Structure formats: C-alpha cells, structure tokens
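Here is what each chain is made of, one letter per residue.
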Amino acid sequence: MSFQLRLEYITLIIPAFILWCALIYRWRYWIHSYFGSHLAFLSRSLRFSPIIGLMAIPIVWLGATHHFEFDEARTFMSFSSRSLIRAIAFYPSPNNHVLHSILSNITWHLLGWTRSELSVRLTAILFSLMTAAFVSHVFLKGNRLLTLLFITTLFLSNSFFSLSFQARSYSMQSFFAVVGLSAVMGMSDTAPSRRLATLVLSCILGTYSSPAFLYTVFPLLAMFLVRHLNWVASHKKQAVSTVLAGIASVILLYSPILLVESVKAVTSNKYVQPYVYFMIPDFKQHCSGVLRWVVLPGAAGFLFLALTLAHALARKYFYWFLAVLCPVLMMVVLRQMPDARVFQPVGVIILLLGFISLAERIGTIPFKPWVTALSLAVLAATAVYRTLTANEIRNLTGAHTYRRIEKHLPRESAVYMLEVQWLYNDLLLAFAKVKGRKYVQLPDTTSCLPARGMLVTSRRLPNLTCADSILNKTYAKTGALYVYELQPPTR
C-alpha cells in the first residue's frame, strides 16, 4: 500500500478515535453503570438447562467427527493456526471473520494438542448453545415445551444445523442477533437508553464478526426506531451519540485491516459486488432459496413466515415486518444477492419471532407431562436423523469427500500432493495439520514422481493405479480429485 493511501485511512481513523474518546469520556459514569447491569443481565440469561445440554450432544458430536469444510479449512490455515496479529490485520478471501478468528486462534493454541477439530470449533459450538439458552430464558421465559420445540426447529433449519458447529462466525452472529432483538422487544424492566446501548453493542460485535452482519444491523435498528419512536424523538442527542459511538467503534476495530490492506479488502470481494444486470426473476428465486435455507426447508419456511407475519398483523406488531423487508430492500438498493449463509442471523430472528407469537397464543395454558415428553422424543428423533444424514446437506459435503480420501491414505505411507485444485487443497492441508500428518507438495512442473507412497492430485494420470476418484458436481469442470497408488501394496 502506498503512503498516500495509508494516510487516507489515517485521516478516517483519527477522527473516529477522537469521537470515540470524546463520547466515552462524556458518558463514562453512565457506561460504567451500564456494563455492570448488562453483565448481570447476561449472567442471568445464559443459564444452561438440561435441555440445552441435550442440544449440545449432536452439535459436539458433529464438531468432533466431521472434517473441516472449505471455508473452515481456509480460515484455519490463514488465521486460527497462525499468529494473532494476522487474525486482526489481514482480510483475504474467504472473508476473515475477525472476532471469531481471534477466539479460535486462542482455542487452537490452547487445545490444539488434542488433535481434534473441536479445538477450533469450540467457539462456534459455545455460541450456538448460548443462543438457545438466551432465547429460552429471555423470550420463552424458561418454558420447557417451547424450548424443546424451538431447538427442534433450529435443527430442522438447514442453515443453523450445518453452521452451528462450523469454525466460522455464523453461530456467533446468531447470538448477537438475538441479544439485539432483546433490546428491541425484551428487557421490559430496562430503560430505552440502555436498550439502545445493548443493541449497538451487539451490532458492533456482530459487525466485527463479519461485515455481512449489516444485513442484520439495519433491520434491528429499524425495528428499534419504530418500536421506541417516542423515546428517540425526545432523546435525539443521546440516541445519535450512541449510534455514532458504535460506528466509531467498528471503524477502530477494523483499523488494522484498513491500514494494512485498505478498505478494498472488504469491499472488493466478488460476493458483495453489485450485479450489473439485476433481474427481478433471479432475485425472487434467490430470496425463495434463502428463505428455504435459513428458516425451514421447502414450503414449511413460507408457511412459518406467513403465520408469524399474520400474528404480527393481528397484534399490530408492524415493526416485525422490518425483519424481512429491510434485508430485501438492502439487496435491491445495493444490487446484491449474497450467499444464503449471510442471512443466518436473520433466519434465527424469524424463527424466534414465530415462537414469540406461539408463546403469546398459548399464554399460560398448562400442558400435561406427556406433551413435554413427546416433544423431547421429537427433538431426539430430529437430532439423530440430522446427525446421520448430515452429509446430504450441501454445506457439509466436504466432510464426506475427505472421508473417502482418508481411507486410502495409511499413516505408514508417504502422501504427496500434485496440482490439487483449490477446492480440496486447503481441506487436505488443514486436516493434516490438525491430525499431525504430513503432506508433501510436489512442484506443478515435476515430471518424475516418487517411487512409493500415495498421490493426491487433480490431474488425470492413466498410467497409475487409481484408488478413488471424486467429482464435485458444483464445480464439474475443475472439481476433480484422484487418489493414486505410486506403488502397489504388498500382498
């Protein structure tokens, strides 16, 4: 980066720092009091009941037995297994989920000796459980039946289930989303000023997890504005100061990346580039696919959303509609169609709103013990089914792919890599690093292969014995991988 460009970002960071310091100093006593009460609120809200313990069983099992996916492997090789400074200051593709990279870097260096993927996935798993615990206590008031049904629904959601244990920040974003929602429509005994502070804090941490969290930030802020319009109108100075402090905090947190790689590292990713031809039919199909992925599969997602919005309309909760309308409007204005996983926290919000409406409908109706027992059985059956069929979910196909490769690679034989496509390269290297194995990368120009061992390559070599061949259907032209025996095994 040139000095001129570096200076350009310094002129952005210094005013943000001055503004941040001024606001913090101005409200220092209020902030001290707020954090004391907020930490107390979180400690009361994050109670891990036996039901949450049941939820942990399949998530921890999958986290320990499933190999890394592509983005997980790239994140692990780029950040978690390297220095903390790199996690803070670099932003290659796939995107660096900075806050998650920092925490997973710490857990890997503390627990990497276990040779388990759990040492990197621990953060994601913990935040998934925290999300369920927070929802159960704050929104469902500890209702066992509704908690069981909510967790079952989370497992049925392709997005939450497949991302609940993956070493990326999606489960973390879900937690910040539900905490932000509690500031909008929970925390009934808390002053609006502290609610807004809770919302802004959750937005800061969510955005530091991923800039794509802005698709969750704007719906939450819009919902708060509509819900607490009278307070905002009468306390404009405090509301604006809180939001400005949040913006300044995000700029300061990303300042190492701005100074090292510039803002283009964040904005030039192909997944956030605006579409030149933004076609309405394609957009409608994209939104339909997102809904089926982040809420519930098939028609169930549409029905769930329709019933939730019908309840909101009947109760005149018009601000609930913003949870759906704001992300759609943002995509239209920005001419973007991000990957469905970007909307994972929005999907959790939609599911939660549905259960809030259900809680309001049933009120204090007593349920017999057999109803709760039946719900527990449904949760167990759903968890077992999802765990056994996890490889069928598109987002988890890499684990199945690597399991096929691994069975051909005995520990006593040397394993060589030659021209392995990007789709598999980081997977192999990440698995090897976690498990303590060694892969030898041969130069692409090599013409003389080793005399013995196993070879993993994306190049077709007809003169060698092929132990297995794999083709990724999504990348039909480039997603091929072959496992060859360089020497026939001894009989």
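Just so it is clear, the model here is predicted, and its values are computed rather than measured.

### A short note on the overall build of the protein chain
Item 1. Scanning the protein chain for helices and strands turns up 23 helices and 5 strands.
Item 2. A compact globule built from 491 residues should have a C-alpha radius of gyration of about 23 Å, and the protein chain, at 24 Å, falls within 12% of that.
Item 3. Viewed in the frame of its principal axes, the protein chain has a C-alpha envelope of about 80 × 70 × 50 Å.
Item 4. Taken over 491 residues, the protein chain has a buried fraction of 53%.
Item 5. For the protein chain, restricting intrachain contacts to residue pairs at least 6 apart in sequence, the fraction spanning at least 24 positions comes to 78%.
Item 6. For the protein chain, the exposed surface amounts to about 23,400 Å²; the carbon and sulfur share of it is 65%.
Item 7. Each charge sign in the protein chain was given a centre, from 44 positive and 18 negative side chains, and these centres are 10 Å apart.

### Examining the packing of aromatic side chains
Item 1. The tally for this structure, following the rule as stated, stands at 19 aromatic pairs.
Item 2. Considering the side-chain rings of Tyr34 and Phe35, the 5.3 Å spacing of their centres and the 70° angle between planes classify their relative orientation as edge-to-face.
Item 3. Accessibility expressed as a relative area gives 4% for Tyr34, which makes it buried.
Item 4. Taken together, the ring pairs connect Phe41, Phe127, Phe134, Phe139, Phe175 and Phe176 into an aromatic cluster.
Item 5. Residue placement shows Arg28 over the ring face of Tyr25; its charged tip is 4.0 Å from the ring centre.
Item 6. The ring centre of Phe161 lies 5.4 Å from the NZ or CZ of Arg386, which sits over that ring.

### Examining the confidence of the model for the protein chain
Item 1. Scored by pLDDT, the protein chain comes out at a mean of 86, with 92% of its residues at no less than 70.
Item 2. Per-element confidence in the protein chain is highest for helix α12 (residues 214-227), whose mean pLDDT is 96, and lowest for helix α22 (residues 397-406), whose mean pLDDT is 71.

### A closer look at the environment of Leu471
Item 1. Relative to the helices and strands, Leu471 is located in strand β4 (residues 465-471).
Item 2. Leu471 sits 11 residues away from Tyr482 along the chain, and the two C-alpha atoms are 8.9 Å apart.

### Describing unusual backbone geometry
Item 1. Positive phi outside glycine occurs at Arg115, with the angle close to 55°.
Item 2. Among the structural elements, Arg115 can be located in the loop between α6 (98-111) and α7 (118-139).
Item 3. Note on Arg115: relative accessible area 40%, which makes it partly exposed.
Item 4. Even without being glycine, Lys141 reaches a positive phi, approximately 55°.
Item 5. Look at Lys141 and you get exposed, because its relative accessible area is 67%.

Criteria and cut-off values
- Residues numbered from 1 in each chain as written.
- Predicted model: local features only at pLDDT ≥ 70, side-chain atom pairs only at ≥ 80, totals over all residues.
- Heavy atoms only, no water.
- Helix = DSSP H or I, 4+ residues; strand = E, 2+ residues; numbered from the N terminus.
- Rg over C-alpha atoms; globule rule 2.2 N^0.38 Å.
- Buried < 20%, exposed > 50% of the residue type's maximum accessible area, 1.4 Å probe, protein only.
- Contact = heavy atoms within 4.5 Å.
- Areas by Shrake-Rupley, 256 points an atom, 1.4 Å probe, with all protein chains shown as cover.
- Lys, Arg positive; Asp, Glu negative; His and termini not counted.
- Charge placed at Lys NZ, Arg CZ, Asp CG, Glu CD.
- Phe/Tyr/Trp six-rings, centres within 6.5 Å; stacked < 30°, edge-to-face > 60°.
- Lys NZ or Arg CZ within 6 Å of the ring centre and 35° of its normal.
- pLDDT = per-residue confidence, 0-100.

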